[in-house]
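Structural features, examined
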Amino acid sequence: MKQTLDERFLISPFLVFFIVHATQVGVGMLGFQRPLMEDAGQDAWMAVLLAGLATHVLIWLMYRLLAYSPSGGDIVSLHKHYFGRWFGGVLSIGLLAYYALAAFTVLQSYIEIIKVWMFPLMGAWQFSLIFLMLTYYVISGGFRVVAGLCFWGVVIPLATIFPMMAFAFEYAQYRNLLPVLDHSPTQILKAVNDMAFQYLGFEVLLMYYPFLKNAPSSQKWAHASNVLTIFLYLVVILISIIFYNKEQIAHITWPTLTLAKIPEVPFIERMEYIVISIYVLVVFPNLVVAVWAMARVVKQLFSIRQRRSLPVLIACLFIGTLFFEEKSDIERFIQWTSKSGLFLMGVYIPLLYVYVWVVEKVKKSLQQKQ
């Protein structure tokens, strides 16, 4: 397949493993247990597995869809090729809005955690300014720098934060896992719907696909990354089930962060401060990749270089933090992002694939008749 980008801008296929995982694990890891356990109780781990398996199907579907993109391009090129410049542009603008919503949600959600746990007297705009300036710096270095950030955003937290979960086993109540299959299929499916939002992030592949060397070969790395994500979410939900009961977790906003208070170190009084500080390496790649995708869509649609569009996009995100910083606003944005992401991956991408597949079959049939 012909690559339209210079070789020096491309990344190795195995780096997809880190990009996919870095975008799937974010602020949601700190509090995904509560809605799941409210719906499915001790059977919540089944929702984690089912949603993860559905994500594998969607990843496979994305690669099949992107294979139809002209010259190995992204979904914006695919929209233009199959829907024309104007209607395809409208569809791509919708994708731009989704990436903007995702970036804003990630930014505000993490800032809320910092304010609640560490700096309650500081305003959101100070943190927003710092994060967005760093975002501009990273994206200005190109997509290879973005991929490098995702690499460290996976390696360092895996080596530091997640091993702390083991301290919870000292207080484990394994009877909390029983009885198994105590909830109806409707309750479990509702939990699956809640959990599906946590796996979102892999859809940014729709934009960085052209930046991959031999892009089709990266599919196995995307699936391997999703396996790691399923494993982490499964471990965390199982630890939460044996540590909390259903009544306790209903009153805890960030159960994973609360678990971080278990380890006791003589010279560190508040271990959760360390966890929140390191967790910026988990959240920051989510923000950077989403903003990069926004700038990439703008470049593909309007032929505006990323250096020119990036400051404008970042300024818009910063202005948004000045008007929407209340907890109710953040929860509303999370709901919008969840619904938009689930519609994009659960409805739009499958329908788009069917449409493109039918068009290609019709073209092939007509060519054979001629």
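First, a word on scope: everything that follows refers to the structure included in this document. (Residues numbered from 1 in each chain as written. Predicted model: local features only at pLDDT ≥ 70, side-chain atom pairs only at ≥ 80, totals over all residues. Heavy atoms only, no water.)

Once that is clear, we can look at helix H6 (residues 124-140). Between the first and last C-alpha of H6 there are 24 Å, a value that for 17 residues agrees with the 24 Å anticipated at 1.5 Å per step. Of all the positions in H6, only Ala-124, Phe-127, Ser-128, Phe-131, Leu-132, Thr-135, Val-138 and Ile-139 are classed as buried. Across the axial projection of H6, the buried residues extend over an arc of 120°, all falling on one side. Facing away from the buried surface of H6 by more than 90 degrees, the exposed residues are Met-133 and Tyr-137. (Helix = DSSP H or I, 4+ residues; strand = E, 2+ residues; numbered from the N terminus. Expected span 1.5 Å × (residues − 1). Buried < 20%, exposed > 50% of the residue type's maximum accessible area, 1.4 Å probe, protein only. Arc of directions from axis to C-beta.)

Before going further, it helps to spend a moment on the nonpolar core. The biggest cluster of nonpolar side chains holds 128 residues, and the ones touching the most others in it are Tyr-99, Tyr-208 and Ile-349. Those residues in contact with Tyr-208 that sit more than four places away from it in its chain are Val-16, Ile-19, Val-20, Phe-143 and Trp-292. (Core = buried A, V, L, I, M, F, W, Y, C linked by side-chain atoms within 4.5 Å. Contact = heavy atoms within 4.5 Å.)

Attention shifts here to a nonpolar patch on the surface. A grouping of Trp-125, Leu-129, Met-133, Ile-319, Leu-322, Phe-323 and Phe-324 is seen on the molecular surface, where their side chains present a nonpolar patch of about 700 Å² in accessible area. Of all the secondary-structure elements, those providing two or more residues to the nonpolar patch are H6 and helix H15 (306-323). Looking at where Phe-323 falls in the secondary structure, it is placed in helix H15. (Patch = residues over 30% accessible without salt bridge, like charges linked within 9 Å, V, L, I, M, F, W, Y side chains within 5 Å. Areas by Shrake-Rupley, 256 points an atom, 1.4 Å probe, with all protein chains shown as cover. Salt bridge = Lys/Arg side-chain N within 4 Å of Asp/Glu carboxyl O.)

In total, this model carries 25 aromatic pairs according to the counting rule given. Summarising the aromatic geometry, the rings of Tyr-68 and Tyr-353 are spaced 6.4 Å apart at their centres and angled 45° between planes, so their arrangement reads as tilted. With Tyr-68 in the loop between helix H3 (44-66) and helix H4 (75-83) and Tyr-353 in helix H16 (residues 327-369), this residue pair connects regions lying 285 residues apart in the sequence. Arranged with centres 4.9 Å apart and planes meeting at 90°, the rings of Phe-243 and Tyr-244 form a pair that is edge-to-face. On the basis of relative accessibility, which here comes to 23%, the residue Phe-243 falls in the partly exposed class. What links up through ring pairs into an aromatic cluster is the set Phe-14, Phe-17, Phe-18, Phe-151, Trp-152 and Trp-221. Against the face of Trp-86 rests Arg-85, its NZ or CZ located 5.4 Å from the ring centre. (Phe/Tyr/Trp six-rings, centres within 6.5 Å; stacked < 30°, edge-to-face > 60°. Lys NZ or Arg CZ within 6 Å of the ring centre and 35° of its normal.)

Geometric values such as these leave the question of function open.
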